[in-house]
Each structure stands twice: as C-alpha cells, then as structure tokens.
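So the chains spell out like this:
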Amino acid sequence: MKQSIFILNGPNLNMLGKREPGIYGATTLSDIEALCRAEADALGCEIVFRQSNHEGDLVSWIQEAGEQKALVLINPAAYTHTSIALHDAIRAASVTLVEVHLSNIHAREPFRHHSYISSLAKGVICGFGVDGYVMGLRALIKLAASK
Ligand code: DQA
C-alpha cells in the first residue's frame, strides 16, 4: 500500500496568486496542488490535498490523518501563530508532521515569529516559496523510510 500524506492548508491560502504577490508569489493553490501531485507520483506516495479557512476543519483533518496513520505536511497559515487547538490536535493524533511556510516568517513581523506548531514538527521549512512543499514531501518520505 502506498504511503499517504495529508497536505493541509490554512486560512487565506485559497487566495494565493491574488494575495500579496510580493510576499507569496504568483502561484495559485491549484498550481501548488499540481506540483505536489507530480512530486507524489515521483515519490510513489499518495496525497490528500485540502484547504480551509476554518480552524475546526484543520483539527478534524489532523485527527483523520492520525486515524489513517498518514503523514502530514501543513501550512497552518495564520493559525500557526494563534492556534492551541491545532497544537493539541497534533499532540493527540501523534502524527509525523512537517510545517511549511511560503515566506520566511522569521524575517517578517514579530507576531509571525512564534509558532504553536513547530515544537511538535519533525522539521520546519520556510522562505522557499512553493518549493518548500516539494522539500516537505521529500523529507516526510525519507522519515517514513527510515522508521
Ligand atoms: C504563511 C505565513 C503566515 O504568517 C501567514 O499568516 C500566512 C502564510 C506562509 O506560507 O508564508 O497566511 O503561512
């Protein structure tokens, strides 16, 4: 059976392409999904790619990933900096998770410097734009292979 990876995207990432292109680039979320699907084919894994503007959806999807023993690549977007609910969900599901951000959150406003997710992540990738998603998928597959 193929390894399954949930790729979860938080609020406002449905606006990519139109949203602050100087920071997030011109790539849309559909473009990122296509990139991830191509990479998943190359890596021989299957992906579930989702986005929501609602915190509870992300909580439920993390729980679902845990039940399915799927790995998780997550861009929690603004919930990175606010969500104890996502932190708790990741702890409870004990999923293997990589956190990704398009921008370098540490080079931006101070309120973006703290993440409620990072302490539970195997690793954090930020500042490499859409390439970060590909890096994250590769990292997760490597982690799974080394278990
Ligand atoms: C983001 C960074 C967050 O601070 C921000 O709230 C986002 C996107 C990124 O991918 O760079 O919505 O997660």
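Below, the structure is looked at part by part.

Cut-off values and rules
- Residues numbered from 1 in each chain as written.
- Predicted model: local features only at pLDDT ≥ 70, side-chain atom pairs only at ≥ 80, totals over all residues.
- Heavy atoms only, no water.
- Helix = DSSP H or I, 4+ residues; strand = E, 2+ residues; numbered from the N terminus.
- Pairing = 2+ DSSP bridges.
- Axes fitted to C-alpha atoms, helices over the stretch in contact; angles between N-to-C directions.
- Contact = heavy atoms within 4.5 Å.
- 1 Å grid on protein atoms, 1.4 Å probe; cavity = no way out; pocket = protein on both sides within 12 Å on 5 of 7 lines; lining within 4 Å.
- Points joined across faces, edges and corners; volume = space filled by probe spheres on them.
- Nonpolar A, V, L, I, M, F, W, Y, C, P; charged D, E, K, R; others polar.

The next subject is the environment of Pro11. You can see Pro11 is positioned in the loop between strand E1 (4–9) and helix H1 (21–24). As for Pro11 and Gln51, which are separated by 40 residues in sequence, their C-alpha atoms are 7.4 Å apart.

Glancing now at the sheet that holds strand E4 (residues 97–101). Taking strand neighbours across the sheet as the criterion, the five strands line up as E2-E1-E3-E4-E5 in an open arrangement whose pairing is parallel. Each edge of the open sheet is held by one strand with a lone partner, namely strand E2 (46–51) and strand E5 (123–126). On average, each strand axis in the sheet is tilted by 15° relative to the strand beside it, whichever way the strands run. Judged from the three bridges that link them, strand E3 (residues 71–75) and E4 form a sheet pairing that is parallel. Counterpart to Leu73 in the pairing with E4 is Val98. Sheet strands in contact with helix H3 (residues 55–67) are E1, E2 and E3, and its direction is about 170° off that of E1.

Further remarks concern the layout of surface pockets. Reported here for the largest pocket is a volume of approximately 190 Å³. Split by residue class, the lining of the largest pocket holds six nonpolar, four polar and two charged.

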